[in-house]
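# What the coordinates show
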Amino acid sequence: MSSDIIFKVQDSLKTKISDFNYKNWFKNLEWNYEGPDNVTISVPSKFVRDWLSDNYVELIKFEFFRLTEKEHTILFKVERKMNRTMDLFKQSEATQSESKDTEKRLLPKIKKQTAEPSSNLIKHMGFNPRYQFDSYVVGNSNQLVHAACRAVATQPAKSYNPLFIYGGVGLGKTHLLNAIGLQVLKNFGNWRIIYVTGERFTNEVISAIRYGKTFEFRQKYRDNCDMLLIDDIQFIAGKERTMEEFFHTFNALYEARKQIILTSDKLPKEIPNLEERLKSRFSWGLMADIQRPDFETRIAILRKKAEEDNIHIPDDVCEYIAANVKDNVRDLEGSLIRISAFASLAKLPVTLDLTKEVLRKIITETKPVLCVENIQSKVAEFYNLKISDLKSKRRHRNLAVPRHIAMYLCKTYLASSFPELGSKFGGKDHTTVMHAVSKIRNCLTNDVTIKTDVEELEKILGI
Ligand code: ADP
Ligand code: MG
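Cut-off values and rules
Residues numbered from 1 in each chain as written. Chains lettered and ligands numbered in written order. Predicted model: local features only at pLDDT ≥ 70, side-chain atom pairs only at ≥ 80, totals over all residues. Heavy atoms only, no water. Helix = DSSP H or I, 4+ residues; strand = E, 2+ residues; numbered from the N terminus. Rg over C-alpha atoms; globule rule 2.2 N^0.38 Å. Buried < 20%, exposed > 50% of the residue type's maximum accessible area, 1.4 Å probe, protein only. Contact = heavy atoms within 4.5 Å. Areas by Shrake-Rupley, 256 points an atom, 1.4 Å probe, with all protein chains shown as cover. Lys, Arg positive; Asp, Glu negative; His and termini not counted. Charge placed at Lys NZ, Arg CZ, Asp CG, Glu CD. Pairing = 2+ DSSP bridges. Axes fitted to C-alpha atoms, helices over the stretch in contact; angles between N-to-C directions. Parallel < 35°, antiparallel > 145°, perpendicular 65-115°, else oblique. Nonpolar A, V, L, I, M, F, W, Y, C, P; charged D, E, K, R; others polar. Near = heavy atom within 4 Å. Domains from an automatic or database assignment. Core = buried A, V, L, I, M, F, W, Y, C linked by side-chain atoms within 4.5 Å. Polar contact = N/O pair within 3.5 Å; in protein donor to acceptor, adjacent residues only side chain to side chain.

Secondary structure summary: the protein contains 23 helices and eight strands in total. Against the compact-globule benchmark of 23 Å for 463 residues, the protein has a radius of gyration of 25 Å, which places it among compact chains. Across its three principal axes, the protein shows a C-alpha extent of roughly 65 × 65 × 60 Å. For the protein, buried positions account for 49% of its 463 residues. Taking contacts inside the protein between residues at least 6 apart in sequence as the whole, the part at least 24 apart equals 75%. As displayed, the protein offers around 24000 Å² of accessible surface, 50% of which is attributable to carbon and sulfur atoms. Side chains of the protein give 71 positive and 60 negative charges; the mean places of these two sets differ by 1 Å.

Written out as structure tokens, the structure reads:
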């Protein structure tokens, strides 16, 4: 009976994820019931374990629940003897053996372009021609997401569906989304690609409703689309009709095995007011995040941009910018442009001194680095407590309120997830942090003392 359920779950997974992904991640794993609702999946390496628990565990749990109506615990066990060679992005064999018949039926035949798409077409479709894979610098912070985007661009609708790219502002999400679209446009000329922002999608829903054009809207997005790219999907959160339309669009495209790629500034589960059913769908494929680039990658990005724009910058200048502008690639580019514009207007060579002068305002104006440790230390100081008090489990109000405020500030101003914060506050469960944050949010409207304290702390933290 139990192994029957396992088979059913596996069968259902096969229909929900691409053949490529199924073969790549699930083939040859051993599934066993250890107790009535406990399932162990033996995997060949830690890497596979982490990947599956980051990307598929929710879907697996969902399938067990759907079939048995019972919550299941899924445990991944690393069994080195399985020693399965897994090569994440070596797709050729796996994809070649995919069912070609179904693909042919569902997707337009691949037509290799003879000519490059015209720049008018590129612009008309909303793409930025500068944002290509060639101009994207790959480093530790974005290696995985870059590989996933490449995979989707070369084998659309065969590898990761949906592909969900998330990361902070100015880290290259829009760039990658464009790069995928442009490559598909170039290689699969007859594919119907739609590239929109979450905002534009919302506006189209509104005007379709207003002018009675929902039929046309649905035709465009569900029937006449082979690949849907939506930038900043978090924008649709809280907009009921848009979420509803998107839900049906997603289902229609997904069932027809059309490629969906989304970007967001947050993980689905952290997007406020996003429907649960959408959150769960977003995690059906692959979620890949972009981190802040490290120093070496920042240098490489600066060199690349300088080369593209024909700007000559000496090494010490490049290092100075990379060491001081850390959070956002857009600011990194902005600094470079500012220096080069200044130098050319003033007819001066680009030197380190000139750079310091030009960037002085930007760099000194940069707020003190906000991080969990900094927030904890400032909150502790403010309430005359020790940092260990904020991390302790003692529930006295004098400790609990500052602890909750610190958690609230961290959640509001840092891109940290609830589990991450739980562990940084003395190994607490993520639900504890969630409660703390929502408690303080409520207090901001009905507790003047807490509101004033929070505002004071925000000032101290330079927020
Ligand atoms: P996001 O959409 O994440 O806010 P963008 O894609 O708009 O960020 O990127 C901001 C700017 O930084 C763009 O000009 C983009 O070309 C550049 N950029 C970001 N990451 C990289 C990278 N790894 N290599 C080259 N340029 C990058
Ligand atoms: Mg963007």
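Let's shift gears to the pairing of strand β4 (residues 163-167). Of all five residues making up β4, five are buried, and the element is well covered by its neighbours. A two-sided burial pattern is seen for β4, the buried positions comprising Leu163, Ile165 and Gly167 on one face and Phe164 and Tyr166 on the other. Looking at chain direction, β4 and strand β7 (residues 259-264) are connected through four bridges and run parallel. In the sheet register, tyrosine 166 faces β7, and the bridge partner there is serine 264. Two strands pair when backbone bridges link them, and β4 and strand β8 (residues 286-290) are joined in this way by five bridges, in the parallel orientation. Along β8, the bridge assignment pairs tyrosine 166 with aspartate 289.

Contact pair helix α20 (residues 397-413) / helix α22 (residues 430-446): the axes reach a minimum separation of 8 Å and the direction vectors enclose 95°. As summarised for this structure, α20 and α22 are arranged roughly perpendicular, according to the angle between their axes. The residues of α22 that touch α20, namely those facing His404, Ile405, Met407, Tyr408, Lys411 and Thr412, are Val433, Ala436, Val437, Lys439, Ile440, Arg441 and Leu444. Partitioned by chemical class, the residues of the contact of α20 with α22 number eight nonpolar, two polar and three charged.

Take the site of ligand 1 next. Neighbouring ligand 1 are 18 residues, the closest being Gly170, Thr174, His175, Arg330 and Glu333. For ligand 1, the accessible surface in isolation is 560 Å², of which the surrounding protein chains cover 94%. Secondary structure elements with two or more residues in the shell around ligand 1: α9 (173-187), α14 (295-308) and α16 (329-345). For the shell around ligand 1, the per-class residue count stands at seven nonpolar, seven polar and four charged. Both of domain 2 (120-290) and domain 3 (295-358) provide at least three residues apiece to the shell around ligand 1.

As a further point, take the nonpolar core. Ranked by size, the top nonpolar core spans 110 residues in total, and within it Phe26, Trp31, Ile60, Phe64, Leu163, Ile180 and Phe246 carry the most contacts. In terms of residue count, the dominant contributor to this core is α9 (seven residues). Excluding its chain neighbours within four sequence positions, the residues that come into contact with phenylalanine 64 are Ile5, Ile6, Val9, Trp31, Tyr33, Val39, Glu69, Lys70, His72 and Ile74. Ile405, Met407, Leu421 and Leu457 belong to the second-largest nonpolar core, a separate cluster that totals 28 residues.

On to the packing of α22 against helix α23 (residues 448-460), then. Viewed as axis vectors pointing N to C, α22 and α23 meet at an angle of 110°, and their least axial separation amounts to 7 Å. One way to sum up the angle between α22 and α23 is to call them roughly perpendicular. The residues of α23 that touch α22, namely those facing Ile440, Cys443, Leu444 and Asn446, are Val448, Ile450, Lys451 and Val454. Residues that form the contact of α22 with α23 fall into these classes: six nonpolar, one polar and one charged.

When you tally the buried positions in strand β6 (residues 227-231), you get five out of five residues, the bulk of the element. Taking every second residue as pointing to the same face, both faces of β6 are buried, with Met227, Leu229 and Asp231 on one and Leu228 and Ile230 on the other. Of the pairings in the sheet, the one linking strand β5 (residues 193-197) to β6 comprises five bridges and is parallel in character. By the bridge assignment for β6, threonine 197 is matched with aspartate 231. Across four bridges, the pairing between β6 and β7 is parallel. Within β7, the position partnered with isoleucine 230 by the bridge is leucine 262.

Turning to the sheet that holds strand β2 (residues 38-43), a few remarks are in order. The strand order across the open sheet formed by three strands is β1-β2-β3, and the pairing between neighbours is mixed. What marks the edges here is a single partner per strand, and that holds for β1 (30-35) and β3 (73-78). Strand-to-strand twist in this sheet, taken as the mean axis angle between neighbours without regard to direction, amounts to 30°. With five bridges connecting them, β1 and β2 associate as antiparallel partners.

Turning our eyes to something else, we now look at the side chain of threonine 297. Along the polypeptide, threonine 297 turns up in helix α14. Polar contacts involving the side chain of threonine 297 include one to the side chain of aspartate 294, which spans 2.5 Å. Beyond its immediate sequence surroundings of up to four residues, threonine 297 is in contact with Val137, Gly139 and Asn140.

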